[in-house]
Amino acid sequence: MQRHGPGSPGSTVAPRLRATGSLLLVAHLLIVGWLTLRPRTVPWVPAANLEPLASIHAQLVRGGWPAVWHLGAAVLLLAPLGVLLPLAGGRLNVSPLGSMARTVFAGAMISLTIELLQTAVPGQVPDVDSVLLNTLGVALAHLLVVPGARSRLRRRDELLRGATPRIPRVGLAPQADVFSGGRTYF
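Residues numbered from 1 in each chain as written. Predicted model: local features only at pLDDT ≥ 70, side-chain atom pairs only at ≥ 80, totals over all residues. Heavy atoms only, no water.

**Considerations on the confidence of the model for the protein**
Moving on, step 1. When the pLDDT values of the protein are averaged, the result is 85; 81% of them are 70 or greater.
Moving on, step 2. Ranking the elements of the protein by mean pLDDT puts helix H6 (residues 128-161) last, at 92, and helix H5 (residues 96-118) first, at 97.
Moving on, step 3. Here residues 1-7 scores under 50 on pLDDT; set against residues more than four positions off or in separate chains, the count is seven contacts. (pLDDT = per-residue confidence, 0-100. Helix = DSSP H or I, 4+ residues; strand = E, 2+ residues; numbered from the N terminus. Contact = heavy atoms within 4.5 Å.)

**Description of the layout of surface pockets**
Moving on, step 1. Of the voids in this model, the largest pocket is the one considered here, and its volume is about 870 Å³.
Moving on, step 2. Of all elements in the fold, only helix H1 (15-37), helix H2 (54-62), helix H3 (64-77), H5 and H6 reach the threshold of two or more residues within the lining of the largest pocket.
Moving on, step 3. A per-element tally of the lining of the largest pocket places H3 first, with five residues.
Moving on, step 4. Residues that form the lining of the largest pocket fall into these classes: twelve nonpolar, ten polar and four charged. (1 Å grid on protein atoms, 1.4 Å probe; cavity = no way out; pocket = protein on both sides within 12 Å on 5 of 7 lines; lining within 4 Å. Points joined across faces, edges and corners; volume = space filled by probe spheres on them. Nonpolar A, V, L, I, M, F, W, Y, C, P; charged D, E, K, R; others polar.)

**With respect to the packing of helix H4 (residues 81-89) against H6**
Two numbers describe a pair of packed helices, the interaxial angle and the distance between the axes.
Moving on, step 1. Look at H4 against H6: their axes get within 7 Å of each other, and the N-to-C directions meet at 45 degrees. With respect to H6, the axis of H4 lies oblique. Of the residues in H6, those touching H4 at Leu-81, Gly-82, Val-83 and Pro-86 are Val-138, Ala-141, His-142, Val-145, Val-146 and Arg-150.
Moving on, step 2. Broken down by class, the residue content of the contact of H4 with H6 amounts to seven nonpolar, two polar and one charged. (Axes fitted to C-alpha atoms, helices over the stretch in contact; angles between N-to-C directions. Parallel < 35°, antiparallel > 145°, perpendicular 65-115°, else oblique.)

Dropping the structure here:
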């Protein structure tokens, strides 16, 4: 069995950091669930919005702080998932595009699940634009935080274990580092 060191393609963040990310992810999802899936007693509820961009357009036409509040709240509701999902996954050396795609897809599916569950909750109205705005929030948070954080964690990891020396102008590591444990068998 081949052992992979901390700098290998599958390297992960420290288990404590990963556990903290998982715990924060569960806590955030519980809070979001409580906010979005609890019954409300209201005398009247609007019809469900199944037309994309209709409620966003209505809010923009309305204008002012109520529009900013409504649209901003929808963008910020699931935005922490853009950071917490990759943190709970704990991988450092991944494709930025792949990470973005996985995180945005997971955020969209969580948002869609919430909207589908709202159909069974009294006083809650599903809105397709909420899915769009929630997904936008996840994507923005991921773009703003995750690439820089991963870069800093990789740099810290290299400093803690010492960077592997490279052969100048070739970019290869010495043969001793190729085998597990730094042993050569020749």
